[in-house]
Amino acid sequence: MAMIEVRGLTKRFGEVLAVDQLSFEVDRGTVVGFLGPNGAGKTTTLRALLGLVRPSDGAATFGGKAYAELAEPLRHVGAVLEASSFYPGRSARNHLRVQATAAGIDPARVEAVLDLVGLQGAARRQVGGFSLGMRQRLGIAAAMLGDPEVLILDEPANGLDPEGVRWLRGLVRGLAEEGRTVLVSSHILAEVAQTVDSVVIIDKGRLVVQSTLRELTAGANLEDVFFQLTAASSDKEGS
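Residues numbered from 1 in each chain as written. Predicted model: local features only at pLDDT ≥ 70, side-chain atom pairs only at ≥ 80, totals over all residues. Heavy atoms only, no water.

Caption draft 1: View of the layout of surface pockets. The volume enclosed by the largest pocket comes to roughly 480 Å³. Around the largest pocket sit 20 residues that line it, and A79, V80, L81, Q99 and A142 are the ones nearest its centre. If you list the elements that add at least two residues to the lining of the largest pocket, you get β5 (77-80), α2 (92-103) and α4 (132-143). Sorting elements by how many residues they give to the lining of the largest pocket places β5 first, with four residues. The residue makeup of the lining of the largest pocket, split by class, is 13 nonpolar, six polar and one charged. (1 Å grid on protein atoms, 1.4 Å probe; cavity = no way out; pocket = protein on both sides within 12 Å on 5 of 7 lines; lining within 4 Å. Points joined across faces, edges and corners; volume = space filled by probe spheres on them. Helix = DSSP H or I, 4+ residues; strand = E, 2+ residues; numbered from the N terminus. Nonpolar A, V, L, I, M, F, W, Y, C, P; charged D, E, K, R; others polar.)

Caption draft 2: Main features of helix α3 (residues 109-117). Looking only at α3, the buried set comprises V110, V113, L114 and V117. The arc that holds every buried residue of α3, seen down its axis, measures 105°, which confines them to one face. Taken together, the buried residues of α3 touch α2, α4 and α5 (162-177). Just downstream of α3 lies G118, where phi reads positive at about 75°. (Buried < 20%, exposed > 50% of the residue type's maximum accessible area, 1.4 Å probe, protein only. Arc of directions from axis to C-beta. Contact = heavy atoms within 4.5 Å.)

Caption draft 3: Layout of the packing of aromatic side chains. Summed over the entire model, instances satisfying the criterion amount to two aromatic pairs. Both rings, one in F24 and one in F34, keep their centres 5.3 Å apart while their planes meet at 35°; by these two values the pair is tilted. Within this pair, whereas F24 is found in strand β2 (residues 16-26), its partner F34 is found in strand β3 (residues 31-35), the two being separated by 10 residues in sequence. Its relative accessible area of 1% is what places F24 among the buried residues. A residue is classified by how much of its surface remains accessible, and F34, at 0% relative accessible area, is buried. When the centroid spacing of 6.3 Å and the interplanar angle of 65° are considered together, the rings of F62 and Y67 count as edge-to-face. (Phe/Tyr/Trp six-rings, centres within 6.5 Å; stacked < 30°, edge-to-face > 60°.)

In structure tokens form, the structure reads like this:
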């Protein structure tokens, strides 16, 4: 059974059709890039997976269960959707302690995830003084508190310097080698090309293609492929 399954997912916001009959699967132990131009419906899809918005139709599940049906969901699924949702006057360590306590997770796990994301040296600093890249790392630390099987990352490279991007790639690949499943969204194919096993590309809320990266590119320029696929999707929409 797929670890993540999206079936006929549709979401309307009034007259706006944000996601349109979207279907795809993500297998255990793989890293999948969830790609599309800005406004394609990626974040809405991720929010539907996490039970933050209710689908108008269809379903989005983890191992066959909706997020709300998971026992101790933070031990199954970790997610980073917003890097700025922190109390600015709280230290990084205390932020994670609060998160762990609220989720019934052993506070000793806090030190492990600070090490994992390279923030031990900044653990006493107030989050309000963190750069965007440091907040991204803290968000990943919070997502990993429950030692989850599945990690969902929405544009995780935002604000990271080149060293941070290399660190992120190593982290994500290491998690997959441990048998975990990672779904990582981006609007830039080249940004995830060195990390993912396969890609799901959407545009205007619809599936454009799901493929391994090797099959998709076949020696072509990555961004040319991405542009051609999304342009073709737009042409079909207009025809």
